[in-house]
Amino acid sequence: MNPLREETQARFTEPCIVVIFGATGDLTSRKLIPALYNILKAGQLPSQFACVGFARRTKTDGEFRKEMHEAVQKFSRTKPIDEHLWKHFEDHLYYHISEFHDDEGYVKLKQKLEELDHRLGTKGNRIYYFATPSSYFPLIAEKLKKSNLIYPESQGPWSRVIIEKPFGHDLHSAENLQQELMKHLGENQIFRIDHWLGKETVQNLLVFRFANSIFEALWNNRYIDHIQITVAEDLGIGTRGKFWEETGLIRDIVQNHVMQLVSLVGMEPPVSLDANAIRDEKVKVLQAIRPLEPKDVVLAQYTSGLVNGEDVIGYLQEKDVPSSSHVETYAALRLHIDNWRWSGVPFYLRSGKRLPKRSTEIAITFKDPPGVLFQQGHRKNDPNVLVMQIQPDEGISLKINCKVPGPASPIQPVKMDFKYGSYFGIAPPEAYERLICDAILGDSTLFARQDEVLLSWKLLTPILKGKPSTYPAGSWGPIEAEKLLEQDGRHWRLI
Ligand SMILES: NC(=O)c1ccc[n+]([C@@H]2O[C@H](COP(=O)([O-])OP(=O)(O)OC[C@H]3O[C@@H](n4cnc5c(N)ncnc54)[C@H](OP(=O)(O)O)[C@@H]3O)[C@@H](O)[C@H]2O)c1
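Residues numbered from 1 in each chain as written. Predicted model: local features only at pLDDT ≥ 70, side-chain atom pairs only at ≥ 80, totals over all residues. Heavy atoms only, no water.

**With respect to the sheet that holds strand β12 (residues 347–352)**
Spatially, β16-β15-β14-β13-β7-β12-β11-β8-β18 is the arrangement adopted by the nine strands of the open sheet, whose pairing is mixed. Across the chains shown, the open sheet's two edge strands, defined by having one partner strand only, are β16 (411–419) and β18 (469–472). Averaged over all adjacent pairs, the angle separating strand axes in this sheet is 20°, with direction ignored. Against the sheet, helix α7 (residues 200–210) contacts β13 (359–366), β14 (385–391) and β15 (395–403), and its axis sits at roughly 150° relative to β14. Running at roughly 145° to β12, helix α9 (residues 241–266) makes contact with β7 (224–232), β8 (297–303), β11 (330–335), β12, β13 and β14 of the sheet. (Pairing = 2+ DSSP bridges. Helix = DSSP H or I, 4+ residues; strand = E, 2+ residues; numbered from the N terminus. Axes fitted to C-alpha atoms, helices over the stretch in contact; angles between N-to-C directions. Contact = heavy atoms within 4.5 Å.)

So, in structure tokens, the structure goes:
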């Protein structure tokens, strides 16, 4: 299946039932049910479809449908809600009450699913979406297998599991989680969702690189000086103090999202657009990253400051954060990728909360042109910079040097700018819509494979316990992060 298929081509998913474990949770109401509704609206769900919410709170189908209706009204990408369509969707939406550990709950679930197969023609095909804390993943997989709700991978009906990050909290726990899941599931049945991979601009990275001969020819250490990846948030941790204390920035953002960007930017052209061909190349990039040394790592925590004109408190004053916390809210890393393409080209990564603005971008800085012509006194020409803006305002820009009109010849850098929104005039689909469709179609290209996850943990686990320095909220990070680049004669981009 071609993962980069034209979006204009209709994609019809197969008959199936989507069972959501954790159906009373935040993810289900904010993302999953609105995504399913919009997949239906896009004409991509067959009529032989049902969705069953699995959770422990007592609730009738009617109450669940009413709550999900409110959720779609609030969170759907497309508004207002199409009531006629919703009615059709809701007729296929059910609620199943059970604790995750209760065997009887799975026996009853099996009966319910078989009855729906019979009534709706869903053919025994299943997506099990684990929208639960990850500590429950092995238990639910075990119970599903024991109740014959997961079938062997064969030609017959299929059963697949979508799991949400975190996939472990370090290398050891990620290996354990993997071993536990593999007792009950084949790797081809596990779809590890990283919703960033469902974003249009991230997918477009491959199109940009491999459908344009001009860029790919320059994509190497002969022409590129260095690469900066920035994932900046102006928000603090809000009310998620407990979550953040267990997680921190490396686990929440770098281990998954940022490392996915590194591997997509750094990979060799795959032999085909087959899921494994693409993921094989991504894995090779991760394998070639040199182990991090302390001099390549800066961790920090925000103190009070001014963001968007407002006074904000520091991390240690946030709710549910102990005053002795050493959890990082900022990280800057220097990666060296030891292969032929990238030898000598550092990848600088930075990500943080409470930075001056929200922005995610990949900036490719090309080498300086030879200083023979067009030097302006001692001032060299600016290097060309290609920026792929991932959020907000998805787009691509290229900085080039131009002559200012007039008899003198001053040279000025100008930006060629392309914005998805204004050019195509349509809002891209939500990442979850794309990814749920792909899972129903059995296309795992945009999901993380186990070796990707483990290699990323292998790189980052040694730095998880580092003691952070501090930076004022509203700044671009600690002074140590500036020094990290200054040592190499470079600077972070002004965003
Ligand atoms: N929310 C997001 O935007 C987001 C984004 C990325 C990743 N994730 C990941 O997605 C997963 C779910 O997140 P969430 O925010 O939706 O979590 P949540 O709001 O805490 O929901 C957890 C769900 O699991 C149910 N549950 C917990 N223990 C149970 C048990 N023993 N038996 C039956 N049901 C039980 C809860 O039911 P009760 O209501 O009865 O407790 C609830 O429905 C997590 O792994 C999270 O890390 C979430």
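**So, the site of the ligand**
Among the 19 residues in the neighbourhood of the ligand, the closest are listed as Thr24, Asp26, Arg30, Arg57 and Thr132. Burial of the ligand by the protein amounts to 78% of the accessible area it has alone, namely 900 Å². Residues that form the shell around the ligand fall into these classes: seven nonpolar, five polar and seven charged. (Near = heavy atom within 4 Å. Areas by Shrake-Rupley, 256 points an atom, 1.4 Å probe, with all protein chains shown as cover. Nonpolar A, V, L, I, M, F, W, Y, C, P; charged D, E, K, R; others polar.)

**A few points about the side chain of Asn220**
Inspection of the secondary structure assignment puts Asn220 in the loop between α8 (213–216) and β7. We classify Asn220 as buried; its relative accessible area is 18%. In contact with Asn220, not counting residues within four places along its chain, are Arg341 and Trp342. (Buried < 20%, exposed > 50% of the residue type's maximum accessible area, 1.4 Å probe, protein only.)

**Concerning the sheet that holds strand β3 (residues 93–97)**
Across the sheet, seven strands lie side by side as β3-β2-β1-β4-β5-β6-β17; this open sheet has mixed pairing. Two strands bound the open sheet, and with one partner strand each, they are β3 and β17 (447–448). Two elements, strand β1 (residues 16–21) and strand β4 (residues 126–130), share five bridges in a ladder whose sense is parallel. The residue bridging Ile17 from the neighbouring strand is Arg126, located in β4. Relative to the sheet, helix α2 (residues 61–75) contacts β2 (49–55) and β3, its axis offset from that of β3 by approximately 120°.

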